[in-house]
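So the chains spell out like this:
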Amino acid sequence: MKYSIIIANWKMQLGIKETEDLAEDILSRIGRLKKKVEKLDVVLCPSPSVLETVSKVFQTKHSLFSRKAKLSYLSLGAQNCFWEKKGAFTGEVSPAQLKELGCNYVIIGHSERRQILGETDKIIHKKVKAVLDTGMVPVICVGETFEERQRRATDYVIINQVSRAIEGIDLRADQKLIIAYEPVWVIGSGQAVKPEDAEYVNRIIRRRMIDFYPLPIVRNNIRIIYGGSIDSVNVKQFVSQETIDGALVGGASLKSKEFVKMISKLIG
Ligand code: PGA
């Protein structure tokens, strides 16, 4: 069994109390799972204003976990960060602040940020570097739009986005990187692409990684995952594909029962 990862992206969907309740409920449910949660990393990515609250939930719920389900695999992630260490950047959050709040992962270049906030490949590149330099794992999102898919430009778009995000960035043996393939047009649509189609793109990404990094680094330090309308019904089909190491989940991660069902599918 491969070591997979499931990342919950809660976007800006919840209030502070709602986030706290959701995190508590997810952790309680994980604590009650009969099977041991092994070979699966679980990452929760709430809004920046709630990171500290969720971090506290992690600490207080720790006692609930039996030896069957240890907390060590559970991590906190952020949905974005700035690329500079500190300075006059009104409204921004530094990677160091996220680290101090207990984050181990940061989602970078989500399509909503690329499209709504105009984030460019250049910005994404700087953020990836900053996150790695701070000792966290960047989750770099890449994906084609519907129009790009229709013009059969998917391969080109993905290779380009991946290359521009990581070009010139060396990965040390103690640094990790995740690439999340998310076809923009299926995000939040309730209709994922076919697992084989996602596998095809993930293979392209893997080949590109091999161009950039030595094989042992690609094998041990890089994970390539899929996101876009993942739920408890389809998650296993995706993650059983050879080159899909996990899932980035939006809508379905907002329901504790459904999210923990996905976890149990992945460990079962
Ligand atoms: P979705 O979102 O699971 O609701 O499609 C995925 C994402 O935006 O990362």
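The paragraphs below set out a description of the structure included in this document. Per chain, residue numbering runs from 1 following the sequence as it is written. Note on the predicted model: pLDDT of at least 70 is required for a residue's local features to be given, and 80 or more for side-chain atom pairs to be given and counted; whole-chain, interface and lining totals, by contrast, use all residues. Here the side-chain values reflect all heavy atoms present in the structure, with hydrogen atoms and water set aside.

Regarding the site of the ligand
- Near is defined per residue: the residue qualifies when any heavy atom it owns lies within 4 Å of the molecule or strand. Neighbouring the ligand are the residues Asn9, Lys11, His110, Glu182, Ile187, Gly188, Gly228, Ser229, Leu248, Val249, Gly250 and Gly251.
- With respect to the ligand, the side chain of His110 contributes an N or O atom lying 2.7 Å from an oxygen atom.
- Counted as a polar contact is a pair of N or O atoms within 3.5 Å, where, for protein atoms, one must be capable of donating a hydrogen and the other of accepting one, and residues adjacent in sequence contribute only when both atoms are in side chains. One of the backbone N or O atoms of Gly188 is found 2.7 Å from an oxygen atom in the ligand.
- Accessibility throughout is a Shrake-Rupley quantity obtained with a 1.4 Å probe, and a residue counts as covered only by protein chains that appear here. In isolation the ligand offers 280 Å² of accessible surface; the protein chains occlude 95% of this area.

Details of the pattern of salt bridges
- We define a salt bridge as a contact between a side-chain nitrogen of Lys or Arg and a carboxyl oxygen of Asp or Glu at a distance within 4 Å. Under the defined criterion, the tally for this structure stands at 16 salt bridges.
- A salt bridge links Glu112 to Lys11; its shortest N-O distance comes to 2.8 Å. Remark: Lys11 occurs in the loop between strand 1 (4-9) and helix 1 (16-31) and Glu112 occurs in helix 4 (residues 111-116); sequence separation between them is 101 residues.
- By relative accessible area, Glu112 is classed as partly exposed at 29%.
- Residue Asp174 is joined to Arg172 by a salt bridge in which the shortest nitrogen-to-oxygen separation is 3.0 Å.
- Salt bridges here are not isolated pairs; linked through shared partners, they connect Arg113, Glu119 and Lys127. Put simply, DSSP marks the helices as runs of H or I at least four residues long and the strands as runs of E at least two long, and each gets a number from the N terminus on. Type-normalised accessible area, obtained with a 1.4 Å probe on protein chains alone, sets the label of each residue: buried when under 20%, exposed when over 50%, and partly exposed for intermediate values.

Some words on the side chain of Lys127
- With respect to the helices and strands, Lys127 occurs in helix 5 (residues 121-133).
- With a relative accessible area of 3%, Lys127 lands in the buried category.
- Those residues in contact with Lys127, other than ones at most four positions away along the chain, are Asn80, Cys81, Trp83, Ile108, Arg113 and Glu119. Contacts are assigned to residue pairs with any non-hydrogen atoms lying within 4.5 Å of each other.

Describing the sheet that holds strand 1
- What makes two strands pair is DSSP finding at least two bridges between them. In space, the 8 strands of this closed barrel follow the order 1-2-3-4-5-6-7-8, with parallel pairing throughout. Pairs of neighbouring strands in the sheet enclose a mean axial angle of 25°, with direction left out of account.
- Here 3 bridges tie strand 2 (residues 40-45) to strand 3 (residues 74-78), and the two strands are oriented parallel to one another. Its bridge partner being in strand 3, Val43 is matched across the sheet by Ser75.
- Contacts from helix 5 reach strand 4 (103-108), strand 5 (137-142) and strand 6 (177-181) within the one sheet, and its direction differs from that of strand 5 by about 160°. Whenever a helix is involved, its axis is fitted only over the stretch in contact; in every case the axis is a line through C-alpha atoms, and angles between N-to-C directions fall within 0 to 180 degrees.

Some words on unusual backbone geometry
- Notably, Lys11 is not glycine yet its phi reads approximately 50°, a positive angle.
- When its relative accessible area of 16% is taken as the criterion, Lys11 is described as buried.
- Its identity is not glycine, yet Arg152 carries a phi of approximately 60°, on the positive side.
- Of note, Arg152 is situated in the loop between helix 6 (146-150) and helix 7 (154-166).
- Residue classification places Arg152 among the exposed residues on the basis of a relative accessible area of 78%.

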